[in-house]
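Here are the chains, one letter per residue:
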Amino acid sequence: MTVTRLPSLLTHRQIHYSLILNAKNKNKHGNEKGKKNNKNDKDDTVDIVDVQQYLTQAKTKFDKSLILHEVKLNECKQGKSNVHIFDSLTLPNGTKFTDIATTTQKGKNMLLVSVFDPKDVKKITSCILASGLNLTPEKMSNDPQEQMFKITLPPRTKESRLQQVKDLKQIFEGFKSSNSNYSLGVIRRDYMNKLKKIQQNDDVKRCVKDLEALHKDYVNELQEQFKHVEKNIMSS
């Protein structure tokens, strides 16, 4: 599967902000009396904040989320025909499936599993049967070494398609508004909090509005990705 990196949204927007002076008092633990009596007790610093950097950083993170979202949607779309379906399996002795076997696809309805060492064939077979994926390994008649077996995939039904769409929806919602770091909602919240800590002026307020608009556009793009894959599943 080839995933094409999506171009960053709103690249046509040329946003310019003036540098903002953000005063902070480092002497937070001093008492009020000491501050009034001794000017030297004050240790005020002024930070120069370029609010445009927040939009740039947010756009970069939004782009990464879109790319990962597309990858996850396509993996879900492939379903059981995904050659990586067994990659997360682990044998009872702790050995990873991918350390002793590899999976390839043959046509639309068959997977081929090749075991590196003949002594591990039974272990791999048992691992697949116990995985809960409802897939059954079968011996290959033209494999004298008995290190390869096939797995015939069940035909797709309306029910299986609807289940896939349901799974797609969960992925979409996770990238849209979950508490994960790749969620667009979390990215938006993090940069909103950064902006709230800055001394408020017209530039900051305008940046807040632009961040809201940016987030909205990326949510729309996220939804378009979901709808595209959903349509492909239901029409296949």
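Here, every reference points to the structure presented above.
So, how was this worked out
- Residues numbered from 1 in each chain as written.
- Predicted model: local features only at pLDDT ≥ 70, side-chain atom pairs only at ≥ 80, totals over all residues.
- Heavy atoms only, no water.
- Buried < 20%, exposed > 50% of the residue type's maximum accessible area, 1.4 Å probe, protein only.
- Helix = DSSP H or I, 4+ residues; strand = E, 2+ residues; numbered from the N terminus.
- Pairing = 2+ DSSP bridges.
- Axes fitted to C-alpha atoms, helices over the stretch in contact; angles between N-to-C directions.
- Contact = heavy atoms within 4.5 Å.
- Parallel < 35°, antiparallel > 145°, perpendicular 65-115°, else oblique.
- Nonpolar A, V, L, I, M, F, W, Y, C, P; charged D, E, K, R; others polar.
- Arc of directions from axis to C-beta.

Peer 1: Whenever I open this one, the pairing of strand 6 (residues 148-152) confuses me. Can you help?
Peer 2: Every other side chain in a regular strand lies on the same face of the sheet, so the side chains alternate between the two faces. Side chains Phe-149 and Ile-151 of strand 6 all project onto a buried face; the interleaved residues Met-148, Lys-150 and Thr-152 project onto a face where none is buried. Here five bridges tie strand 4 (residues 110-115) to strand 6, and the two strands are oriented antiparallel to one another. Following the sheet pairing, Leu-111 is matched in strand 6 by Ile-151. One ladder, built from three bridges, connects strand 5 (residues 137-139) with strand 6; its direction is antiparallel.

Peer 1: Which parts of the structure should I look at to understand the pairing of strand 4?
Peer 2: Of all six residues in strand 4, six are buried; the element is thus mostly enclosed. Burial along strand 4 is two-sided: the residues Met-110, Leu-112 and Ser-114 and Leu-111, Val-113 and Val-115 are all buried. With five bridges connecting them, strand 3 (residues 101-105) and strand 4 associate as antiparallel partners. Across the sheet, Gln-105 pairs through a bridge with Leu-111, a residue of strand 4. What sits between the antiparallel neighbours strand 3 and strand 4 is a turn of four residues, in which Gly-107 has the positive phi angle 70°.

Peer 1: Can you walk me through the sheet that holds strand 3 in this structure?
Peer 2: Pairing is antiparallel in the open sheet, where four strands are placed in the order 3-4-6-5. The open sheet has two edge strands, strand 3 and strand 5, and neither has a second partner. The mean inter-strand angle of the sheet, taken between neighbouring strand axes irrespective of direction, is 30°. Helix-sheet contacts for helix 4 (residues 121-129) involve strand 3, strand 4, strand 5 and strand 6, and the interaxial angle to strand 6 is about 15°.

Peer 1: Would you take a moment to explain the packing of helix 6 (residues 184-196) against helix 7 (residues 202-235) for this structure?
Peer 2: Think of two packed helices as two axes; the pair is described by the angle between the axes and how far apart they sit. Interhelical geometry of helix 6 versus helix 7 gives an angle of 175° and a closest axis separation of 10 Å. As far as their axial angle goes, helix 7 and helix 6 are roughly antiparallel. Seen from helix 6, the contacting residues are Leu-184, Gly-185, Arg-188, Tyr-191, Met-192 and Leu-195; seen from helix 7, they are Val-204, Cys-207, Val-208, Leu-211, Glu-212, His-215, Tyr-218, Val-219 and Leu-222. Among the residues forming the contact of helix 6 with helix 7, the class breakdown is eleven nonpolar, two polar and two charged.

Peer 1: I keep staring at helix 4 and nothing clicks. Help me out?
Peer 2: For an α-helix, 3.6 residues make a turn, and residues three or four places apart therefore share a direction. Within the span of helix 4, buried status applies to Val-121, Ile-124, Cys-127 and Ile-128. One face of helix 4 carries all of its buried residues, which in axial projection span an arc of 130°. Opposite its buried face, helix 4 presents the exposed residues Lys-122 and Leu-129, each directed more than 90 degrees away. Those residues of helix 4 hidden inside the fold are in contact with helix 3 (97-100), strand 3, strand 4, strand 5 and strand 6.

Peer 1: Sorry if this is basic, but what is going on with the packing of helix 2 (residues 52-78) against helix 6 here?
Peer 2: For the pair helix 2 and helix 6, the least separation of the axes is 10 Å and the interaxial angle reads 170°. The angle between helix 2 and helix 6 places the two elements in the roughly antiparallel class. Across the interface between the two elements, Tyr-54, Gln-57, Ala-58, Lys-61, Phe-62 and Ser-65 of helix 2 pack against Leu-184, Ile-187, Arg-188, Tyr-191, Lys-194 and Leu-195 of helix 6. Counted by class, the contact of helix 2 with helix 6 contains seven nonpolar, two polar and three charged residues.

The quantities given are spatial measurements derived from coordinates; they are silent on function.
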